[in-house]
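# Geometric and topological summary
The residues making up each chain are set out below.
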Amino acid sequence: MELRRADGGVIAVEVVGEPDAPAVLFCHGLADSRLAVYDFAGAAHALGLRLIAPDRPGIGDTDVRRLPRVVDWAAEATLVLDALDIGSVALLGVSGGGAFAAACASELPDRVRSLLLIAPLGPPAWPTRGMASGQRASLQIARHAPAFGGWFMGCLATLARRAPGLFLRLATSEMPASDRRALAQSDARAAFLANYLRAFHGGSWGVGQDLRVLTRPWGFDLESIRVPTSIHHGDADTTVPLQHARRFAAAIPGARLHIHPGHGHFSILTAPEKTLATLAV
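Keep in mind that what you see is a predicted model, and the values were worked out from it rather than measured. (Residues numbered from 1 in each chain as written. Predicted model: local features only at pLDDT ≥ 70, side-chain atom pairs only at ≥ 80, totals over all residues. Heavy atoms only, no water.)

This paragraph deals with the overall build of the chain. If you tally the helices and strands in the chain, you get eleven helices and eight strands. For the chain, the C-alpha radius of gyration of 17 Å lies close to 19 Å, the compact-globule estimate for 281 residues. Summarising its shape, the C-alpha atoms of the chain cover approximately 45 × 45 × 35 Å along the three principal directions. When burial is assessed residue by residue, the chain has 56% of its 281 residues classed as buried. Accessible surface, the chain: about 11,700 Å² in total, of which carbon and sulfur atoms supply 54%. Across the chain, the centroid of the 27 positively charged side chains sits 7 Å from that of the 25 negatively charged ones. (Helix = DSSP H or I, 4+ residues; strand = E, 2+ residues; numbered from the N terminus. Rg over C-alpha atoms; globule rule 2.2 N^0.38 Å. Buried < 20%, exposed > 50% of the residue type's maximum accessible area, 1.4 Å probe, protein only. Areas by Shrake-Rupley, 256 points an atom, 1.4 Å probe, with all protein chains shown as cover. Lys, Arg positive; Asp, Glu negative; His and termini not counted. Charge placed at Lys NZ, Arg CZ, Asp CG, Glu CD.)

Have a look at this one:
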């Protein structure tokens, strides 16, 4: 569906799961889109949840709108919740979307039931040991030239459209075996490509903005989060290292860390019902 801001701008939103069930706001990852919510659609039906997945500004089919910091996403999320008449919500943030979900938990404490982070990317000052060299280089470049980083990822989207096999070989070259096996499945491979291409549907500006705000101070403290929090991370992840999950867990009061042995950044998503179970409580 398309929601409209007061200025007429469009926010594209995908809704999956059970109608009128408890709502979960899904925050997609970096160079990803709202379509990633379909990875969790079966689990949402099984658990009796309704997942609300907006594209962030400039991503997919959402109009461009400047976000000065990660924390400013909370105001955008509030527009979505108000438009859909949702009072209480749980939060689900995956990879780079973890920061945006955490921002909502910090800024909307009276509206948030719980927070679930899967393989969350940490603030720019956190160490990158254990991260694949290409991933690390991309973040380092983004700190200085986020627009260039977005443009370069957009070039990869062009490659994905014209030569998907080559794109997938490049994208998975530094991934652990568990991730390569997961993305070798035809449905997972098709979803990965569709999500990446949808992120750049309107150009690279939105991904460049995500890179900018993720690699600058976020504008809130993780220590301010007071809602029940669960964090899931694979110990073989080379896209976001396990130490980021450990630091999230140490910073957020009462957070529970679940480490998945042998899993990477994508294979951890192959059993979503077990991971999302905490949101149904």
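Space left empty within the atom packing is revealed by a probe, the size of a water molecule, rolled over the atoms. Overall, the coordinates contain one cavity of 30 Å³ or more when judged by the stated rule. What lines the largest cavity is Leu121, Gly122, Pro123, Pro124, Trp126, Thr128, Met131, Leu139, Arg143, Leu214, Thr215 and His244. (1 Å grid on protein atoms, 1.4 Å probe; cavity = no way out; pocket = protein on both sides within 12 Å on 5 of 7 lines; lining within 4 Å. Points joined across faces, edges and corners; volume = space filled by probe spheres on them.)

What follows covers helix H9 (residues 205-214). Counting buried positions over the ten residues of H9 gives nine, a clear majority of the element. Taken as a whole, H9 has its buried residues at Gly206, Val207, Gly208, Gln209, Asp210, Leu211, Arg212, Val213 and Leu214. Against helix H3 (97-107), helix H4 (133-144), helix H5 (146-162) and helix H8 (186-199) lie the buried residues of H9. (Contact = heavy atoms within 4.5 Å.)

Most of strand S5 (residues 89-94) sits out of view: six of its six residues are buried. Residues Val89, Leu91 and Gly93 line one face of S5 and the alternating positions Ala90, Leu92 and Val94 line the opposite face, and both faces are buried. Taken together, the five bridges between strand S3 (residues 23-27) and S5 define a ladder with parallel strand orientation. When the bridges of S5 are listed, Cys27 appears paired with Gly93. Two elements, S5 and strand S6 (residues 112-118), share five bridges in a ladder whose sense is parallel. (Pairing = 2+ DSSP bridges.)

With that settled, the discussion passes to the sheet that holds S6. In spatial order, the strands read S1-S2-S4-S3-S5-S6-S7-S8; together these eight strands make up an open sheet with mixed pairing. In this open sheet, the two edge strands, each paired with only one partner strand, are strand S1 (2-4) and strand S8 (256-260). Each adjacent strand pair in this sheet contributes to an overall mean axis angle of 25 degrees, direction not counted. Along the sheet face, H3 touches S3, S5 and S6 and points at about 155 degrees away from the line of S5. (Axes fitted to C-alpha atoms, helices over the stretch in contact; angles between N-to-C directions.)

On to H3. A large share of H3 lies buried, amounting to ten of its eleven residues. For H3, the set of buried residues is Gly97, Gly98, Ala99, Phe100, Ala101, Ala102, Ala103, Cys104, Ala105 and Ser106. Among the structural elements, S3, helix H2 (73-83), S5, S6 and H9 are those in contact with the buried residues of H3.

Bringing the layout of surface pockets into the picture now. Here the largest pocket is characterised by a volume of approximately 1,200 Å³. At six residues, the largest contribution of residues to the lining of the largest pocket is made by H8. Of the residues that constitute the lining of the largest pocket, the class distribution is 25 nonpolar, 14 polar and four charged. Considering only enclosed or pocket space, the second largest pocket measures out at about 190 Å³ in volume. In terms of lining residues, the second largest pocket is bounded by twelve residues, among which Ser114, Pro228, Thr229, Ser230 and Thr278 are the most central. For the lining of the second largest pocket, the elements supplying multiple residues, two or more each, are S6, strand S7 (229-234) and S8. (Nonpolar A, V, L, I, M, F, W, Y, C, P; charged D, E, K, R; others polar.)

The next point concerns the pattern of salt bridges. Under the criterion given, the structure shown has ten salt bridges. When the shortest N-O distance is used, the salt bridge between Asp55 and Arg34 registers 2.6 Å. Of this pair, Asp55 sits in the loop between strand S4 (50-54) and H2 while Arg34 sits in the loop between S3 and helix H1 (41-47), and the two are 21 residues apart along the sequence. For Arg34, a relative accessible area of 11% corresponds to the buried category. Note that Arg198 and Asp61 form a salt bridge whose closest N and O atoms lie 3.0 Å from each other. Of the two residues, Arg198 is situated in helix H8 and Asp61 in the loop between S4 and H2; the sequence distance between them amounts to 137 residues. One salt-bridge network, held together by shared partners, links Glu14, Arg34, Asp55, Asp61 and Arg198. (Salt bridge = Lys/Arg side-chain N within 4 Å of Asp/Glu carboxyl O.)

So, about the nonpolar core. Ranked by size, the top nonpolar core spans 64 residues in total, and within it Val70, Leu115, Val207 and Leu222 carry the most contacts. With residues near it in sequence (within four places) discarded, Val70 still touches Ala99, Phe100, Ala103, Val213, Leu214, Trp218 and Phe220. Within the second largest apolar cluster, 22 residues are counted, among which are Ala36, Val37, Leu49 and Ala119. (Core = buried A, V, L, I, M, F, W, Y, C linked by side-chain atoms within 4.5 Å.)

Across the interface, H2 lies against H3 with an axial gap of 9 Å and an inter-helix angle of 80 degrees. Relative to H3, the element H2 is oriented roughly perpendicular. Residues Trp73, Ala74 and Ala77 of H2 form the contact with H3, whose participating residues are Phe100, Ala103, Cys104 and Glu107. The class makeup of the residues in the contact of H2 with H3 is six nonpolar, no polar and one charged. (Parallel < 35°, antiparallel > 145°, perpendicular 65-115°, else oblique.)

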